[in-house]
Amino acid sequence: MLVPSCHGQRAHVTRFIPPSRARDARRPRGARAVRSAVAVGLVASSSAVKKGRRKLWDELNDAAEGGDVVRAIKLFEHMQSWLPLGDTRMAINTVIKACANAADIDAAEEWYERMLENGVLPNKETFGKLSEAAAKAGCVEKAQKWFWEREKQQLQLGPIPMNILIDASAKSGDKAAAVKHLKDMGRRSIDPTEESYNSVINACARVGDSQGAEVYLRKMQEQGLKPTLFSFTSVIDSCAKSGETERAEHWFQELQRVSLVPNVVSYTALIDAYAQAGDARSGEKLLRRMIQEGIAPTEVSYSCIMNAYASHGNEVNCMRLLQEMCRQNLQPTEKTYSIMMKCAAMSGDVPTALSWFQRIEDEGKPDLPSYNTILSAIAISASSTKTMEPALDWMKRLEKNNLKPNVTTFNCLLGGHARMADIDGALKWFEAMQKRGIVPNRESYKVAWHAHDQARDVKRAAVWLRRWIDAAVPGPGFGPYAWMVESSSGKESTRWLRLMQSARFAPSVGCYSNCVKACGAAGEFQQAKE
């Protein structure tokens, strides 16, 4: 500020000094330096606090991404003293995100309740993470519940919450629900995304519906969406489960035609298709090609081929692949040992099967299929040992370990008696199965039939075959009918021929010849002529 002189003398300039600075000017220079240093220190301290808080947020997000619920909770408790209300919701949502990534729906719901108790209103992210937690935990009903809660709160709906529902349905094997939710997106005017269609294709693959998987892949393309590697791999997987090897090959070639590069999952899906068809050699050939392409196989890649070899009892090739897998630093799993055990069981080699069972016990608690495999090995050896006592002892061991026998368990016991041509023993276990509330399947009837076949008891075989025809399971194939035509005499032989035709099996020349022979032997020349 300029101040003119009042005495007509030469004007001079003075600078206006604010009162606070004027006071400072009267203080010793040391005091001013101390005050300045304190101010700088406070700024630095504030900057350090902000930096520390940003670091905590970053750590919380990292814990959530990794599904580390314990760490996420500890970080939140450390932060909550200085969190404003607006940020508290974000922090709790991040903890719920950790629960979602850990598939811990119970913990996620506990934190939702804590949010409400603290007067914090949930938002669309809250309900989205709750649905995701339920979906990853396989709780489809809860995923639906939290979706409805979001809808009830009139919060914005988009493709993400719908995709969570579709994915949850797919992972639970409920293809119908997955398709329903996809159609519901159209009703809500929500455009499906690649993820929406991928989840439905995956749902079809899980139940082996290759036609459905192909249909939704094409619908995806019709919507202008580009199928991903996951899309094609899921279709290949669906073909593998339905036993359509040629279709699996077609889609493997198709993904390469659209410039996608197959990965280990794609190769393994096609390997599994060959394995499911029992073509272990083609599966192994593809394995070698994958390795040449620089793609490292997984334990699953080897296991698929080993399983195909095991189905034929080819223990040499199973062992060769197991050793190669170990050289590749791939750790054998319980599934690997189960395959080796199955291979030994197929040939009735009980001691070797038990040695692999021991490996499984060393890894953890064997499951019911593992026990059933040993029981199958014991049953197969019954034809040479002529006793089912070891099978009964194994059944007791199974139940002692709190495992409930299933239809496969009883079918193994039936099979042991069938190999000894023991009709009464086989039927005893068939009735015991029903008394336990276990419904016999087609294999149960087939194995019991084998006991009659081995015993060559035509009368009892006829009774059993009629019981099988009347049962609520798929009926007998061509073989049992042909056996009855061949083994029966006179009119009974022609009666079984008619039943064979009623079941839509075309009698062979041998069947007709047997009828002619049976009627001729019984003196029924007119019927033999017919």
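Every chain is numbered on its own, with residues counted from 1 as its sequence reads. Local features are withheld for residues below a pLDDT of 70 in this predicted model, meaning they are given only at 70 or higher, and side-chain atom pairs are given and counted only at 80 or more; totals for whole chains, interfaces and linings count all residues. Water and hydrogen atoms play no part in the side-chain values, which are based on all heavy atoms of the structure.

### Digging into the UniProt feature "repeat: PPR" (unreviewed entry) in the chain
Okay, step 1: What UniProt calls "repeat: PPR" (unreviewed entry) maps, in this numbering, to residues 88-122, 193-227, 228-262, 263-297, 298-332 and 406-440.
Okay, step 2: Here a strand is any run of E in DSSP of at least two residues, a helix any run of H or I of at least four, and the numbering for each starts at the N terminus. For residues 298-332, the end-to-end C-alpha separation is 10 Å, with 74% helix and 0% strand making up the annotated structure. UniProt positions are given in the numbering used here, feature names are shortened, and annotations may be inferred rather than shown by experiment.

### A few points about a positive patch on the surface
Okay, step 1: Every patch collects residues that have over 30% relative accessible area and no salt bridge, joining them within 9 Å if they carry like charges and within 5 Å if they are nonpolar side chains (Val, Leu, Ile, Met, Phe, Trp, Tyr). Only the protein chains shown count as cover for residues, and all accessible areas are computed by the Shrake-Rupley method using a 1.4 Å probe. Whenever Lys or Arg places a side-chain nitrogen within 4 Å of a carboxyl oxygen from Asp or Glu, that contact is recorded as a salt bridge. A positive count includes Lys and Arg, and a negative count includes Asp and Glu. His and the chain ends are not counted in either. A charge is said to be at NZ when it belongs to Lys, at CZ for Arg, at CG for Asp and at CD for Glu. A grouping of Lys50, Lys51, Arg54 and Lys55 is seen on the molecular surface, where their side chains present a positively charged patch.
Okay, step 2: Structurally, Lys51 is set in helix α2 (residues 29-65).
Okay, step 3: Exposure is judged per residue with a 1.4 Å probe applied to protein chains only, and the accessible area is read against the type maximum: over 50% gives exposed, under 20% gives buried, and values in between give partly exposed. Since its relative accessible area comes to 58%, Lys51 is described here as exposed.

### Let's talk about the pattern of salt bridges
For side chains of opposite charge, pairing can occur when their charged atoms come near one another.
Okay, step 1: Considering all chains together, one arrives at 23 salt bridges under this definition.
Okay, step 2: The shortest N-O distance in the salt bridge between Asp184 and Arg187 comes to 2.7 Å. Of this pair, Asp184 and Arg187 both sit in helix α9 (residues 175-187), three residues apart, which is roughly one turn of that helix.
Okay, step 3: Judged by relative accessible area, Asp184 falls into the buried class, the value being 12%.
Okay, step 4: Judged by its relative accessible area of 62%, Arg187 is exposed.
Okay, step 5: Across the pair Asp453 and Arg456 runs a salt bridge whose closest N-O atoms are separated by 3.8 Å.
Okay, step 6: Look at the salt bridges and you will find they share partners, linking Asp106, Glu109, Lys142 and Lys145 into a network.

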